[in-house]
Amino acid sequence: MQRGTRLIHHRLSMDSATGGVSIPIHQSVVFAQESLDQPGEYEYTRSGNPTRRALEEAIAELEGGNYGFAFASGMAAITAALSLFSSGDHLLVSRDIYGGTYRALAEVFPRFGLEITFVDTTNLETVAAQIRPSTKGLYLETPSNPLMKITDLARAAALAREHGLITIADNTFMTPYLQRPLELGIDIVVHSATKYLGGHSDCLAGLAVTRDAGLARELTLLQNTLGTVLAPHECWLILRGIKTLKVRLLQQQRTATVLAEWLRKHPQVKAVYYPGLEGHPGRETHFRQADGGGGVLSFRLATPELARQVINNVRLPVIGSSLGAVESIISLPATMSHGSLPGELKRELGITPDLVRLSVGLEEAEDLQADLEQALDSPRGHR
């Protein structure tokens with residue numbers, strides 16, 4: 001089956017007991033056992049739930065993995081994956097990553113003895129030079145948030161295998177419809193399912209997928225022990241969102257391409273960051289490992305003041321830190337999604353107050369372009 005069809009017709013897409021085309025929400029914490037000697041498949045929802053199982057099997061199938069795990073948020077999924085490592089282990093991590101991931105790696109995990117080195121993973125020679133005897137993992141995000149930097153997943157995975165490292169890739173921006181890192185040799189894929197997979201700004205969720213049975217056993221232990229599981233109703237919402245992922249994402253991608261091309265020609269715009277644009281750094285690599293540019297773009301304006309003006313004056317996009325929803329969402333990464341990064345690092349990375357991130361929704365491209373145009377041309381104003 002084609003990927004778009006599998007979004008709707010995965011193995012657990014229907015209720016086998018009734019034929020219902022929507023998986024039931026098993027809103028039960030406890031499952032009655034036949035007897036002490038005959039425990040059932042489900043006992044307690046933290047350890048397993050039929051609705052959660054349907055989502056976990058669906059995402060595993062879509063990512064080309066064997067084992068899926070649903071968590072209470074994207075950060076919960078990332079935290080579980082990072083908890084595979086032990087005190088004294090050294091991790092190499094993409095410098096240009098989501099601010100919440102950076103915060104966890106810079107402020108929380110060092111308390112447990114993990115050593116973290118942030119490195120430019122677009123240059124794998126630089127990555128190789130930073131590998132130590134204690135290096136155990138490589139954490140990647142491509143396209144990166146918010147500057148859309150591209151890391152070669154296949155080459156990174158090969159380098160990691162050579163040195164016995166576990167690779168983790170955040171696939172939130174691309175989703176399994178456009179990019180499948182496991183097929184390129186990555187060990188674990190993580191998602192903020194809050195974003196494209198849910199798609200409606202109404203559900204906080206995270207997912208992780210692996211092909212490796214040993215890693216799956218460890219993730220099962222962490223998921224159950226930490227208790228960061230996704231509740232049944234939220235599992236159902238993500239399952240519902242996955243069914244429309246293709247049509248939403250392709251429309252968002254088309255509009256993002258139109259807006260990126262238009263913004264690149266605007267006199268007040270200094271740079272546009274979008275993998276679908278000709279000339280984007282790493283574009284050739286990106287299209288070897290992904291099937292499209294996605295629905296998020298960033299652009300740098302002439303001044304920080306103009307960036308604030310645009311964000312405050314647009315009428316259609318909402319101001320917010322999220323992305324991947326049916327409504328367009330606009331943000332200033334320097335103070336929002338990446339506000340936790342140290343000021344010097346933000347300047348080094350180019351996450352400065354003149355940079356705007358736009359997650360394109362399902363509004364008509366002409367309407368979004370007209371709205372951005374009036375916001376760029378309005379000297380002052382309010383939403």
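Note that the structure is predicted; figures quoted are calculated from it, not measured.

### Some remarks on unusual backbone geometry
For step 1, the next point in the chain: Residue P143 is reached from T142 by a cis peptide bond, and omega for that bond is -5°.
For step 2, the next point in the chain: Among the structural elements, P143 can be located in the loop between β4 (135–141) and α6 (153–162).
For step 3, the next point in the chain: Here N145 and P146 are connected by a cis peptide whose omega angle stands at 10°.
For step 4, the next point in the chain: Its place among the elements puts P146 in the loop between β4 and α6.
For step 5, the next point in the chain: Although it is not a glycine, M148 sits at a positive phi angle of roughly 55°.
For step 6, the next point in the chain: Phi is positive for T175, which is not a glycine, with a value near 65°.
For step 7, the next point in the chain: Relative to the elements of secondary structure, T175 occurs in helix α7 (residues 175–178).
For step 8, the next point in the chain: Using a relative accessible area of 1% as the deciding quantity, one classes T175 as buried.

### Comments concerning the pairing of β4
For step 1, the next point in the chain: In terms of burial, β4 is a largely internal element, six of the seven residues being buried.
For step 2, the next point in the chain: For strand β2 (residues 90–94) and β4, the ladder comprises four bridges, and the chain directions are parallel. Across the sheet, residue H90 finds its bridge partner in β4, namely T135.
For step 3, the next point in the chain: Both β4 and strand β5 (residues 166–170) contribute to a ladder of five bridges, which runs parallel. Residue pairing for β5: Y139 is matched across the bridge by I168.

### A closer look at the domain arrangement of the protein
For step 1, the next point in the chain: As far as domains go, the protein holds domain 1 (3–240) and domain 2 (246–377).
For step 2, the next point in the chain: On a C-alpha basis, the centroid separation for the pair domain 1 and domain 2 is 26 Å.
For step 3, the next point in the chain: Surface buried jointly by domain 1 and domain 2 totals about 3200 Å² across both partners, of which 60% is contributed by carbon and sulfur atoms.
For step 4, the next point in the chain: Three residues stand out in domain 1 for area buried against domain 2, namely L147, L178 and Y196, and they jointly supply 22% of the buried area on that side.

### Observations concerning the environment of S28
For step 1, the next point in the chain: Here S28 is to be found in the loop between α1 (3–6) and α2 (50–63).
For step 2, the next point in the chain: Taking relative accessible area as the criterion, S28 reaches 29% and is therefore assigned partly exposed.
For step 3, the next point in the chain: Looking at S28, its side chain comes within polar contact range of the main-chain oxygen of V30, at 2.7 Å.

### Observations regarding the side chain of T167
For step 1, the next point in the chain: Counting through the fold element by element, T167 comes out in strand β5.
For step 2, the next point in the chain: The class of T167 is buried, set by a relative accessible area of 1%.
For step 3, the next point in the chain: Non-local contacts of T167, meaning those with residues more than four positions away in its chain, are made with L138, A156, A157, A160, G185, I186, D187 and I188.

### Things to note about the sheet that holds strand β6 (residues 188–192)
For step 1, the next point in the chain: Across the sheet, which stays open at both edges, the seven strands sit in the order β1-β7-β6-β5-β4-β2-β3 with mixed pairing between neighbours. Pairing within the sheet leaves two strands with one partner each, and these edge strands are β1 (67–71) and β3 (115–119). On average, each strand axis in the sheet is tilted by 20° relative to the strand beside it, whichever way the strands run.
For step 2, the next point in the chain: Here five bridges tie β6 to strand β7 (residues 206–210), and the two strands are oriented antiparallel to one another. Residue pairing in the sheet places S192 in a bridge with G206 of β7.

### Focus on helix α8 (residues 213–226)
For step 1, the next point in the chain: Taking 1.5 Å of rise per residue, the 14 residues of α8 would be expected to cover 20 Å, and the 20 Å separating its terminal C-alpha atoms lies within 8% of that figure.
For step 2, the next point in the chain: Every buried residue of α8 is listed here: L215, A216, L219, L222 and Q223. Along the long axis of α8, the arc covered by the buried residues comes to 125°, so they all point the same way. In this structure, α8 carries R217 and T225 as exposed residues pointing more than 90 degrees from its buried face.
For step 3, the next point in the chain: In this fold, the buried residues of α8 make contact with α2, β1, α3 (74–82), β5, β6 and β7.
For step 4, the next point in the chain: Backbone nitrogen of G214 and a side-chain oxygen of the N-cap are separated by 2.9 Å at the start of α8; the cap is D212.
For step 5, the next point in the chain: Directly after α8, the chain includes G227, whose backbone phi takes a positive value near 75°.

### Some thoughts on the packing of aromatic side chains
For step 1, the next point in the chain: Taken as a whole and judged by the stated rule, the model has two aromatic pairs.
For step 2, the next point in the chain: Residues F31 and Y42 carry aromatic rings whose centres are separated by 5.7 Å and whose planes lie at 45° to one another, so their mutual orientation is tilted. Of this pair, F31 sits in the loop between α1 and α2 while Y42 sits in the loop between α1 and α2, and the two are 11 residues apart along the sequence.
For step 3, the next point in the chain: On the accessibility criterion, F31 (16% relative accessible area) is buried.

Cut-offs and rules
- Residues numbered from 1 in each chain as written.
- Predicted model: local features only at pLDDT ≥ 70, side-chain atom pairs only at ≥ 80, totals over all residues.
- Heavy atoms only, no water.
- Helix = DSSP H or I, 4+ residues; strand = E, 2+ residues; numbered from the N terminus.
- Buried < 20%, exposed > 50% of the residue type's maximum accessible area, 1.4 Å probe, protein only.
- Pairing = 2+ DSSP bridges.
- Domains from an automatic or database assignment.
- Buried area = accessible area lost by both parts, 1.4 Å probe.
- Polar contact = N/O pair within 3.5 Å; in protein donor to acceptor, adjacent residues only side chain to side chain.
- Contact = heavy atoms within 4.5 Å.
- Axes fitted to C-alpha atoms, helices over the stretch in contact; angles between N-to-C directions.
- Expected span 1.5 Å × (residues − 1).
- Arc of directions from axis to C-beta.
- Phe/Tyr/Trp six-rings, centres within 6.5 Å; stacked < 30°, edge-to-face > 60°.

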